[in-house]
Amino acid sequence: MFCAVVGGAEHLAVYRDEHVVAFLDHAPVFPGHTLIVPARHYPTIEDMPENEVAPLFLIARRLSIAFRSTLGADGSFIAVNTRISQSVPHVHAHVVPRRKGDGLFSPGRGMWMRRRYAEGEAERIAAKLRAALEGAT
Ligand SMILES: [Zn+2]
């Protein structure tokens, strides 16, 4: 599934280089929720050569910074599921924008509650993040 995205299947592109591909999750926890996947197929992070783990988190860091400048986020949540709760067997890091008081970890909210983007909203957010990451170092 994510190999298809790496290969060019339709996705809301945020970033791409020779190591990783980043794109918006179509059903975000919060708007801007991005998935970063290694360009090569590894089922879990445990299967990755150590030198390929670094590029994934390098982009997670840049995205966290970009969330603040482009979406007005106060912070981020970065997570990688391994087998348990891992819905797609191709490593992916979730990078989720956070705001003070968003209640992500509040009891009763249902932590991993997904929402839908309004018409055109995802495309606008992806374009902002792309622009921010192009300028980032
Ligand atoms: Zn794959």
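Since the structure is predicted, the reported quantities are computational estimates derived from the model, not experimental observations.

Q: Just give me the short version of the overall build of the protein chain, but keep the residues and values in it.
A: The number of helices and strands found in the protein chain is three helices and five strands. For the protein chain, the succession of helices and strands along the chain, N to C, is α-β-β-β-α-β-β-α. In terms of C-alpha radius of gyration, the protein chain reaches 14 Å, essentially the compact-globule figure of 14 Å for 137 residues. The C-alpha extent of the protein chain, read off along each of the three principal axes, is 35 × 35 × 25 Å.

Q: Any chance you could break down the nonpolar core for me, citing the residues and the numbers?
A: Counting residues in each nonpolar core, the largest one holds 32 residues, and the members touching the most others are Val 14, Ala 22, Phe 23, Ile 36 and Ile 59. Of all the secondary structure elements, the ones that give two or more residues to this core are helix H1 (2-6), strand E1 (13-16), strand E2 (20-24), strand E3 (34-38), helix H2 (50-71), strand E5 (93-98) and helix H3 (121-134).

Q: Outline the packing of H2 against H3, supporting the account with residue identities and numerical values.
A: Each packed pair of helices is defined by two parameters, the angle between the axes and the distance between the axes. Look at H2 against H3: their axes get within 9 Å of each other, and the N-to-C directions meet at 120°. Considered as vectors, H2 and H3 are oriented oblique to each other. With respect to the hand of their crossing, H2 and H3 are arranged in right-handed fashion. Mapping the contact onto sequence places Arg 62, Ala 66, Ser 69 and Thr 70 in H2 and Lys 128, Leu 129, Ala 132 and Leu 133 in H3. Within the contact of H2 with H3, the residues separate by chemical class into four nonpolar, two polar and two charged.

Q: Describe in detail H2, supporting the description with residues and values.
A: Here H2 is 22 residues long and its end C-alpha atoms lie 32 Å apart, about the 32 Å a rise of 1.5 Å per residue gives. Inspection of H2 places Leu 56, Ile 59, Ala 60, Arg 62, Leu 63, Ala 66 and Phe 67 among the buried residues, and these make up the whole buried set. Here the buried face of H2 lies against E1, E2, E3, strand E4 (75-79), E5 and H3. Directly beyond the C-terminal end of H2, a positive phi value near 70° is found at Gly 72.

About the thresholds
- Residues numbered from 1 in each chain as written.
- Predicted model: local features only at pLDDT ≥ 70, side-chain atom pairs only at ≥ 80, totals over all residues.
- Helix = DSSP H or I, 4+ residues; strand = E, 2+ residues; numbered from the N terminus.
- Rg over C-alpha atoms; globule rule 2.2 N^0.38 Å.
- Core = buried A, V, L, I, M, F, W, Y, C linked by C-beta atoms within 7 Å.
- Buried ≥ 20, exposed ≤ 12 C-beta atoms within 10 Å, placed from the backbone.
- Axes fitted to C-alpha atoms, helices over the stretch in contact; angles between N-to-C directions.
- Parallel < 35°, antiparallel > 145°, perpendicular 65-115°, else oblique.
- Left-handed = near helix turned anticlockwise from the far one by under 90°.
- Contact = placed C-beta atoms within 7 Å.
- Nonpolar A, V, L, I, M, F, W, Y, C, P; charged D, E, K, R; others polar.
- Expected span 1.5 Å × (residues − 1).

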